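Okay, here's what each chain looks like letter by letter:
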Amino acid sequence: TCSGSDRLLVVCLAFYHPASVVSALTYAGAALTRLGNLSDFQYNSEIWYLVNPASGANTLSLEFSGGHFGMGLMGRSFTGVDQTVPMVGYVSGSGTSTTPSVVASSGTDEMVVDSLCITHSGTLSVGADQTSRLNAISSSGTIKYAASTEPGVSSTTMSWSNSTSQGWVYSAGVIK
């Protein structure tokens, strides 16, 4: 559901499969724009957005070309967003550890949003100063996926901690 003025819809997407690609992502029939994506360890993390999405409750539709074994997404609307350049500063990273993180360059009047895809074992906790928006395991049990937000500062570290060292891919973007 989207409401308010100067709207932006952000979708954080995580899925498992090396050959699968998102072929369409729409909200109320309008196509979203991919800010960025990273694929590693057969895991995928992506961030998409739509400027001035339709108001009210509408359908978010996702189509893949190729199969996938696990998938999770979060759609969140924001207000007061620059309608000309709504998102910038895509950063990503991957690794195997207990502490996935990326650093985004942002400003004090901006918001950073992240998307994490990680192996399914362990307990996942959001980093300091971040607000967890999603922390779940896919219905297939193959991945954990998470998303959070944090008000921007000149250098904003987005991080999660996992109780066991696992493979992960991580994306973040800045909302203006």
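Computed from a predicted model, the values in this text were never measured in an experiment. (Residues numbered from 1 in each chain as written. Predicted model: local features only at pLDDT ≥ 70, side-chain atom pairs only at ≥ 80, totals over all residues. Heavy atoms only, no water.)

### Observations regarding the packing of aromatic side chains
Basically, it comes down to this: Ring pairs shown here join Phe, Tyr and Trp side chains whose ring centres sit within 6.5 Å, with only the six-membered ring taken for Trp; geometry is labelled stacked below 30 degrees between planes, edge-to-face above 60, and tilted in between. Only DSSP runs of H or I with at least four residues qualify as helices, and only runs of E with at least two residues qualify as strands; both kinds are numbered from the N terminus onward. Burial classes: relative accessible area under 20% of the type maximum marks a residue as buried, over 50% as exposed, and values in between as partly exposed (1.4 Å probe, protein chains only). Counting as a charge over the ring demands two things of the Lys NZ or Arg CZ atom: a distance within 6 Å of the ring centre and an angle within 35 degrees of the ring normal.
Enumeration over the complete set of coordinates arrives at 4 aromatic pairs. Between the aromatic rings of Tyr 16 and Phe 69, the centroid separation amounts to 5.5 Å while the plane-to-plane angle is 45°, which identifies the pairing as tilted. In this pair, Tyr 16 sits in strand β1 (residues 8-16) while Phe 69 sits in the loop between β6 (60-65) and β7 (70-78), placing the two residues 53 residues apart along the sequence. A relative accessible area of 46% places Phe 69 in the partly exposed class. What links up through ring pairs into an aromatic cluster is the set Tyr 16, Tyr 43 and Phe 69. Looking at Arg 76, its charged tip hangs above the ring of Phe 78, at a distance of 5.8 Å from the centre.

### Quick look at the sheet that holds strand β5 (residues 43-51)
Threshold: Think of it this way: DSSP has to see at least two bridges between two strands before they count as a pair. For every element, the axis is a line fit to its C-alpha atoms; helices are fit only across the contacting stretch, and the angle between N-to-C directions ranges from 0 to 180 degrees.
Taken in spatial order, the 4 strands line up as β4-β5-β1-β7 in an open sheet, and their pairing is antiparallel. Where the open sheet ends on each side, the last strands, each with one partner, are β4 (33-40) and β7. This sheet shows a mean twist of 10° between the axes of neighbouring strands, independent of strand direction. In the sheet, β1 pairs with β7 via 9 bridges, with the strands oriented antiparallel. Looking across to β7, one finds that Leu 9 is bridged to Ser 77.

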